[in-house]
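Observations on the model geometry
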Amino acid sequence: MKTELLLPAGSLEKMRTAYDFGADAVYAGLPRYSLRARNNEFRQEQLAQGISEAHARGKQFYVTANILPHNDKVRSFVRQLQPVVDLQPDAFIMADPGLIMLAREAWPDLNIHLSVQANTLNHASVKFWQKVGVKRIILSRELSLDEIAEIRQECPEMELEVFVHGALCIAYSGRCLLSGYFNRRDPNQGTCTNACRWDYKVHDAAETEQGDVVRLQGFDFTQELEEANSRFAACGGAERHPDADRVYLIEEANRPGELMPVMEDEHGTYIMNSKDLRAIEYVERLVQIGVDSLKIEGRTKSLYYVARTAQAYRQAIDDARSGKPFNPSLLADLDGLANRGFTPGFLQRHVPQDTQNYLTGHSESKRSLFVGQVLSIDDGWALVDVKNRFAVGDRLEIIHPSGNREITLEQLQHAEGHALDVAPGNGILVKMPLEKALDGALLARLV
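Residues numbered from 1 in each chain as written. Predicted model: local features only at pLDDT ≥ 70, side-chain atom pairs only at ≥ 80, totals over all residues. Heavy atoms only, no water.

1. Some points on the sheet that holds strand 24 (residues 442-446)
Defined as follows: Between any two strands, at least two bridges found by DSSP are needed for them to pair. For the purposes of this entry, the term helix denotes a DSSP run of H or I that reaches at least four residues, the term strand denotes a run of E that reaches at least two, and both are numbered from the N terminus. We call two residues contacting when some pair of their heavy atoms lies within 4.5 Å. Lines fitted to the C-alpha atoms define the axes, with helices restricted to the stretch that makes contact. Angles between their N-to-C directions range from 0 to 180 degrees.
Pairing in this open sheet of 7 strands is antiparallel, and the strands run 20-19-24-16-17-23-21 from one edge to the other. The sheet terminates laterally at strand 20 (405-408) and strand 21 (413-414), the two strands that pair on one side only. Across 2 bridges, the pairing between strand 21 and strand 23 (residues 429-433) is antiparallel. Bridging from a neighbouring strand, H414 pairs with V430 of strand 23. Contacts from helix 11 (residues 303-321) reach strand 16 (368-378), strand 19 (395-399) and strand 24, with the element oriented near 80° to strand 24.

2. Things to note about the confidence of the model for the protein
To keep things clear, this is the line we draw: Confidence scores per residue from the predictor, reported as pLDDT, run from 0 to 100.
Averaged over every residue, the pLDDT of the protein is 84; residues scoring 70 or more account for 75%. Segment residues 353-365: pLDDT under 50, and 15 contacts once partners within four positions in sequence are set aside and those in other chains are kept.

3. Describing the pattern of salt bridges
Note the cut-off: Only one rule defines a salt bridge in this text: a Lys or Arg side-chain nitrogen within 4 Å of an Asp or Glu carboxyl oxygen. Burial status follows relative accessibility: with a 1.4 Å probe on protein chains alone, a residue under 20% of its type maximum counts as buried, one over 50% as exposed, and anything between as partly exposed.
The final tally for this structure, using the stated rule, is 19 salt bridges. Here E161 ties to K295 by a salt bridge, and the two come within 3.3 Å at their closest N and O atoms. Taken together, the residues span a long stretch of sequence, with E161 in strand 7 (residues 159-166) and K295 in strand 14 (residues 293-296) at a distance of 134 residues. The two residues E161 and K295 agree in class, both being buried. A salt bridge links R278 to D335; its shortest N-O distance comes to 3.1 Å. Taken together, the residues R278 in strand 13 (residues 276-278) and D335 in helix 12 (residues 329-335) connect sequence positions 57 residues apart. Judged by its relative accessible area of 15%, D335 falls in the buried class. Within the structure, one salt-bridge network assembled from shared partners comprises E4, K135, R136, E159, E161 and K295.

4. Structural notes on the environment of S329
Of note, S329 is situated in helix 12. Counting along the chain gives 17 residues from S329 to A312, while the straight-line C-alpha distance between them is 9.4 Å.

5. A word on the nonpolar core
For clarity, the threshold we go by: The criterion is simple. A nonpolar core is a set of buried Ala, Val, Leu, Ile, Met, Phe, Trp, Tyr and Cys residues joined through side-chain atoms within 4.5 Å. Where each domain starts and ends comes from a domain assignment, either automatic or drawn from a database.
Of all hydrophobic cores here, the largest spans 90 residues; its most connected members are F61, M94, I137, L139, I148 and I280. Looking at this core, the element that brings in the most residues is helix 11, giving 11 residues. The residues that make up this core include at least three from each of domain 1 (4-176 + 275-355) and domain 3 (368-446). Apart from residues no more than four positions distant in its own chain, M94 is found in contact with A65, N66, F77, L99, I100, A103, I112, H113, L114 and S115. In terms of nonpolar packing, the next biggest core, distinct from the first, is built from 19 residues, A382, F390, M432 and A441 among them.

6. Thoughts on the side chain of K14
To be explicit about the condition: Positive charge is attributed to Lys and Arg, negative charge to Asp and Glu, and no charge count is given to His or to the chain ends. What qualifies as a polar contact is a pair of N or O atoms within 3.5 Å, subject to a donor-acceptor requirement within protein and to the restriction that residues adjacent in sequence count only when both atoms come from side chains.
Turning to its location among the elements, K14 is positioned in helix 1 (residues 12-20). Salt bridges are absent for the buried K14, whose nearest opposite-charge side chain, E41, sits at 6.1 Å. Polar side-chain contacts of K14 include one of 2.5 Å to the backbone oxygen of K301. Other than its neighbours up to four places away in sequence, K14 contacts R299, T300, K301, S302, L303 and V306.

See below:
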């Protein structure tokens, strides 16, 4: 069985990059009906071009229409989807039972993949959707590897897809209320503002006899945290934390004076910026389980993100299928991406100590920063669109579908031809020596 690598396509350029670096398929959002109503370059014309190019390359192209709609969007759904169906994408990714029913009635042979928004957690749900005519289930992010394996065993004829990289929601996928509360932009309508990732400050508070939460003055959070950790260590960590039942107030940076109570119990605090999912070290197990597709999140991420993740996970899948052991250097390749720290999410409930050690060791041994994109190469000189600072003498990694290589930068010129020592940062064009075969490469500075 071939394990599909599925990448996000926020634009045609990112789609092409995903395919170049090893993706078997991409997914793009239908603006009015996907969770990327904003920051989405795909309209009818781009969808048509993307699907055509994908099929010409022997690749798959999926269209996402996974909102949970209000009545006004239900009424126009079939009419607005018809021209996209005519383009013959390989599948539609959907979540709402009503929209799935309407799509199946209008187009009985339509391939439908059930979105992670449907939160499928067990094999009984998988069998239900199989009877409805759904071809593939994108399993909930809240499942462990063992639970995925059990679903595979119980549902051998259903295609299964699992997220392995990208942002995590603090709620069951897309079920968070924060964005709707603050901005009247509902996550399940495709307009999430990621309120869980804003900058919040913590204030001490107390609950009155009447049940009101009031702010206490003279509170030093750092000092309180140190004292709390000290008390926790003194009691051996086996008992309930003495501060577990305290009430705090949080204040978001752009809403000064708007204090909101936040409670904490033994499971943690509920307004939190989740780390990003990175499960490349579990690709081998997922391939062995028989998962049909491994999915990467990030339709609003950079071209560099698409290239790096596609290349790394492509190698991990190919190594797993050929029986090679996992290559820990792939972890370091992903560390140069913008992230909020990494976690395997719920796939591995208890990470063993040896895994933690090699994760840290390999991640710290090689770090990189995206610094430029090669636009063209003429007479041995590459025209580079600078993204971040780099200079003569720097070690650069040339990232290309044909393979990566490291060089020491010995010469640098302004686009007009005069010598430079430093490419100072985003927004300028420079030239550097590079062979023609590396046209279109991305550049990362090794730090």
